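Secondary and tertiary structure notes
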Amino acid sequence: MRGRSDVNQKKRLITSVCVVAIFLGFIYFYYGSFFGSQSHGSAALEYGSKSLRKLGLGGDDDSDGKQDDSTKFGQEEGEEYTVPKSFPVCDNRHSELIPCLDRNLIYQMRLKLDLSLMEHYERHCPLPERRYNCLIPPPPGYKIPIKWPKSRDEVWKANIPHTHLAHEKSDQNWMVVKGDKINFPGGGTHFHYGADKYIASIANMLNFSKNNLNNEGRVRTVLDVGCGVASFGAYLLSSDIITMSLAPNDVHQNQIQFALERGIPAYLGVLGTKRLPYPSRSFELAHCSRCRIDWLQRDGILLLELDRLLRPGGYFAYSSPEAYAQDDEDLRIWREMSALVGRMCWKIAAKRNQTVIWQKPLTNDCFMEREPGTQPPLCRSDDDPDAVWSVKMEACITPYSDHDHRVKGSGLAPWPARLTTPPPRLADFGYSSEMFEKDTELWRHRVENYWNLLSPKIQSDTLRNLMDMKAHLGSFAAALKEKDVWVMNVVPEDGPNTMKLIYDRGLIGTTHNWCESFSTYPRTYDLLHAWTVFSDLEKKGCGAEDLLLEMDRILRPSGFIIIRDKHSMVDYVKKYLVALHWEAVATTDSSSESEQDGDDVVFVIQKKLWLTSESVRDTE
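Per an unreviewed UniProt entry, the protein goes by the name Methyltransferase and belongs to Manihot esculenta. If you open the UniProt record of the protein and go to Sequence similarities (unreviewed entry), you find "Belongs to the methyltransferase superfamily."

Next comes the structure, spelled out in structure tokens:
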């Protein structure tokens, strides 16, 4: 009986082991195929590994709701840190990953999105268990980008190995492949003979002096919707006009990546269901050259979003078949658009050949004179036209403030005087002109010290694309006016909405939440400036490691980070330098700069250029 029992036990044991093995095999197969994980030596894509770190931007909670103390930052002296010696490297197929605009993730999450409303091109950030915890590798053969201004006209093909646009738009001179480079002749869908000539023609239509679109400094900030590779914005820079070039990551993939690689201001976004992340009255001119947008949809809601963004007296330059074609469908669209903008109180400023230019009114008078019940209606009095973070668009007209109505415009000084002139909207925050001027001078001094710290490592053309991760009044960017750089100013979504002051200064930027990933491609900025960003993140309870990985994602190899924060924050970051392949350049106590700085530390970092073994092999 004992022998029979032993045999039965052995059978039960073998059966149990087989069941467990089959179950584990099923789990491995299911999750492996679901996430598409691949094993390529060091090129590993990790999901959900608590042993490495808590995943994702903003998701540092265990399943039991308790925070993992080992990953917290700003600990008291004596507390132990768990710092990885290295981070895994993402699979090479993720070298262009944009976490919150990842269409593969959208498909996996089975989100119910309305494709006709472009919802699939809007931000949809991954949940904590779906977020990446790996370093984004550069593509095979990656080279340090060509320097500005030469980069306006050519980039390394290896850095953005996508040439389909060159073939698809070959008749429009968007881009041309020449050997190991991609050239940009300056063409576009409606300006085959060059953006410079097209821009001059728009200025001529408006009777601006010397055919210069900046109109003696009155036109400074421009929004280019559906910008292609951003040649329109590129050629406006020589006229002291800065353009926010906007396009989604759609069928014309990588157009924004090309723009940023060229050193041109650009942002991934779409006119879909949510407001664009810019405050009201930000732009003097909006532009659409064959941008393939249905402006009549949903009671004209997309045109009304442009209306919100345009300043009093602002222009919308529209180059499209509807403006000149004679077939029935184009004529119908033209008639309906004309009727819609008429009810919005826009007037035709000029119309010639393929282009029409409408102009917004300077005051609210026209709105007040419309017949009762006229559509579209005015927005509700409690609607905040500057609230933009995940705010739905509404099909209504944003009337001007009492100030703008009274002065018949925005009351802004021409460029470049507006950069240092206290803007009228300062009063919205209770700030005085004296506070504004003091802030401007403070950051002028700070930026001067930054450049002294960077000077052993940089030449005059080393930096081009800069980001101020917490811009406040934009004085960091203002202090860089004489440098050949541009700055993407970022204002936190939960702080004072000072972005309108930044636009009023003739600068550009966007609203963002640093608990999430930024809407840009990897390797697009030469320098990141993080003033108290880590301290703010600590208060929110978001993951500091996640922010470090995000900063690494958007920073170009050999690019720089300037962290200005408390000692504890800087000490925390220092522990991750080896794992991130960063190296310290300089550390200095900022208390000598100003009494306002207190115990802040300035820490300058440089990102090393590294390649995966797979990238090196492909390059060879």
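From this point, things continue past the structure.
1. Focus on the state of the cysteines
A covalent bond between the sulfur atoms of two cysteines is what we call a disulfide. Scanning the model with the defined rule gives 6 disulfides in all. Paired through a disulfide, C288 and C291 show a sulfur-sulfur distance of 1.9 Å. Because the sign of the S-S torsion sets the handedness, a value of about -90 degrees for the bond joining C288 and C291 places this disulfide among the left-handed ones. Across the disulfide, C515 is cross-linked to C542 (sulfur-sulfur distance 1.7 Å). Disulfide C515-C542: the torsion about the S-S bond is 70 degrees, which places it as right-handed. Residue C515 is located in the loop between β15 (509-512) and β16 (525-531), and its partner C542 is located in the loop between α14 (533-540) and α15 (544-554); the two are separated by 27 residues in the primary sequence.

2. Quick notes on the confidence of the model for the protein
Any residue range with low pLDDT should be treated as having predicted coordinates unsuitable for detailed reading. Residues at a pLDDT of 70 or more form 81% of the protein, whose mean pLDDT is 85. Within the model, the stretch residues 1-10 combines pLDDT values under 50 with 0 contacts to residues more than four positions away or in other chains. Contacts from residues 74-79, a stretch scored under 50 in pLDDT, to residues over four places away or in other chains number 8 contacts.

3. Remarks on helix α6 (residues 255-262)
The buried fraction of α6 is high, at 8 of 8 residues. All of the buried residues along α6 are Q255, I256, Q257, F258, A259, L260, E261 and R262.

4. Focus: the sheet that holds strand β4 (residues 176-178)
On the basis of which strands lie adjacent, the open sheet formed by 3 strands has the order β3-β5-β4 and antiparallel pairing. One side of each edge strand has no neighbouring strand; the edge strands of this open sheet are β3 (154-156) and β4. Going from strand to strand, the sheet's axes swing by 30 degrees on average, the running direction of each strand aside. Looking at chain direction, β3 and strand β5 (residues 181-183) are connected through 3 bridges and run antiparallel. Considered in β5, the bridge of E154 is made with N183.

5. Section: the sheet that holds strand β7 (residues 242-247)
Spatially, the 7 strands line up as an open sheet ordered β8-β7-β6-β9-β10-β12-β11, and their pairing is mixed. Among the strands making up the open sheet, the edge pair consists of β8 (266-268) and β11 (347-352). Geometrically, the sheet is characterised by an average inter-axis angle of 20 degrees between neighbouring strands, direction not taken into account. Summarising the sheet, strand β6 (residues 221-225) and β7 pair through 5 bridges and their orientation is parallel. Across the sheet, the residue bridging to V222 is T243, located in β7. Taken strand by strand, helix α7 (residues 297-309) contacts β6, β9 (283-289) and β10 (310-319), and its axis lies near 135 degrees from that of β10. The sheet strands contacting helix α8 (residues 328-343) are β10, β11 and β12 (355-359), and the helix crosses β12 at an angle near 15 degrees.

6. Points about a nonpolar patch on the surface
Judged by side-chain polarity, I144, L609 and L611 come together as a nonpolar surface patch covering roughly 210 Å² of accessible area. Mapped onto the fold, L611 is located in the loop between β19 (601-607) and α18 (613-619). Among the residues examined, L611 registers a relative accessible area of 33% and is labelled partly exposed.

7. Here's the deal with the nonpolar core
Counting residues in hydrophobic clusters, the biggest one holds 142 residues, and the most contacted among them are W295 and F316. Counting only domains with at least three residues in this core, you end up with domain 1 (193-413) and domain 2 (418-618). Apart from the residues lying within four places of it in its own chain, the contact partners of F316 are A286, H287, C288, W295, L303, L306, L310, W346, V356, I357 and W358. V155, I160, W174 and M175 belong to the second largest nonpolar core, which has 8 residues in total.

8. Some points on the pattern of salt bridges
Within this structure, the stated rule accounts for 33 salt bridges. With its nearest N and O atoms 3.1 Å apart, the salt bridge here joins R380 to E394. Linking R380 in the loop between α9 (365-369) and α10 (402-407) with E394 in the loop between α9 and α10, this pair joins segments that are 14 residues apart in sequence. Judged by relative accessible area, R380 falls into the partly exposed class, the value being 48%. Overall, the relative accessible area of 33% leaves E394 in the partly exposed class. Across the pair E482 and K481 runs a salt bridge, and its minimum N-O distance is 3.4 Å. Among the residues examined, E482 registers a relative accessible area of 68% and is labelled exposed. Each member of the salt-bridge network shares a partner with another, and the members are E284, R311, R418, R425 and D504.

9. Topic: helix α4 (residues 195-205)
Here α4 has its buried residues at A195, Y198, I199, I202, A203 and M205. Summarising the axial view, the buried residues of α4 lie within an arc of 160 degrees, below the 170-degree limit, and thus occupy one face. Check the buried side of α4 and you find it contacts α5 (231-236), β9, β10, β11 and β12.

What counts and how
Residues numbered from 1 in each chain as written. Predicted model: local features only at pLDDT ≥ 70, side-chain atom pairs only at ≥ 80, totals over all residues. Heavy atoms only, no water. UniProt positions renumbered as here; feature names shortened; annotations may be inferred. Disulfide = S-S within 2.5 Å. Helix = DSSP H or I, 4+ residues; strand = E, 2+ residues; numbered from the N terminus. pLDDT = per-residue confidence, 0-100. Contact = heavy atoms within 4.5 Å. Buried < 20%, exposed > 50% of the residue type's maximum accessible area, 1.4 Å probe, protein only. Pairing = 2+ DSSP bridges. Axes fitted to C-alpha atoms, helices over the stretch in contact; angles between N-to-C directions. Patch = residues over 30% accessible without salt bridge, like charges linked within 9 Å, V, L, I, M, F, W, Y side chains within 5 Å. Areas by Shrake-Rupley, 256 points an atom, 1.4 Å probe, with all protein chains shown as cover. Salt bridge = Lys/Arg side-chain N within 4 Å of Asp/Glu carboxyl O. Core = buried A, V, L, I, M, F, W, Y, C linked by side-chain atoms within 4.5 Å. Domains from an automatic or database assignment. Arc of directions from axis to C-beta.

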